[in-house]
Amino acid sequence: MKKLHIKKGDTVYVNAGNDKGKTGKVLSVAPAEDRAIVEGINMVSKHTKPNSKAPQGGIIKQEAPIHISNLNLIDPQSGKPTRVGYRMDGDKKIRYAKKSGEEIK
């Protein structure tokens, strides 16, 4: 399994594509495809038949996966996009923001 610089629950900044400049929370990550689904980013219209979830059917707006190379983590201290570094804290590997050096929870 691949190791990605973002995880579910992280707040990310979109640095490329139609939603460039927006931020959102990561809902899920697909390491095999190098893609993530981010809340409110890369919205697509999906046509659905009537079913128990949507009794009327019709057109539903939902998030589509976006490539992780187009995402940057938000620095917890400054609120600006940053790259992610890794360092060892005893026997644990922790992520930290390259801009501020602060640990990412």
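Everything discussed here concerns the structure shown above.
Residues numbered from 1 in each chain as written. Predicted model: local features only at pLDDT ≥ 70, side-chain atom pairs only at ≥ 80, totals over all residues. Heavy atoms only, no water.

Enquirer: Would you explain the pairing of strand β9 (residues 84-89) in this entry?
Expert: Along any regular strand, the residues point their side chains to alternate faces of the sheet. As defined by bridge partners, β9 adjoins strand β10 (residues 92-97) across six bridges and the pair is classed as antiparallel. By the bridge assignment, Met-88 is partnered in β10 with Lys-93. Hairpin connection between β9 and β10: a loop of two residues separates the two successive antiparallel strands, and Gly-90 in this loop has a positive phi of roughly 75 degrees. (Pairing = 2+ DSSP bridges. Helix = DSSP H or I, 4+ residues; strand = E, 2+ residues; numbered from the N terminus.)

Enquirer: In this structure, what is going on with the packing of aromatic side chains? I would like to understand it.
Expert: The way to describe two aromatic rings as a pair is by their centre distance and the angle between their planes. Under the counting rule described, the total for this entry stands at zero aromatic pairs. In this arrangement the basic side chain of Arg-87 is found over the ring face of Tyr-96, its NZ or CZ atom lying 4.3 Å from the centre. Above the plane of the ring of Tyr-86 lies Lys-93, whose end atom (NZ or CZ) is 4.7 Å from the centre. (Phe/Tyr/Trp six-rings, centres within 6.5 Å; stacked < 30°, edge-to-face > 60°. Lys NZ or Arg CZ within 6 Å of the ring centre and 35° of its normal.)

Enquirer: I would appreciate a short explanation of the pattern of salt bridges in the present structure.
Expert: All told, the structure shown has three salt bridges when counted by the stated rule. Taking the shortest distance from any N to any O, the salt bridge between Arg-95 and Asp-10 comes out at 2.9 Å. Remark: Asp-10 occurs in the segment before β1 (11-14) and Arg-95 occurs in strand β10; sequence separation between them is 85 residues. Take Asp-10: its relative accessible area is 7%, and that puts it in the buried class. (Salt bridge = Lys/Arg side-chain N within 4 Å of Asp/Glu carboxyl O. Buried < 20%, exposed > 50% of the residue type's maximum accessible area, 1.4 Å probe, protein only.)

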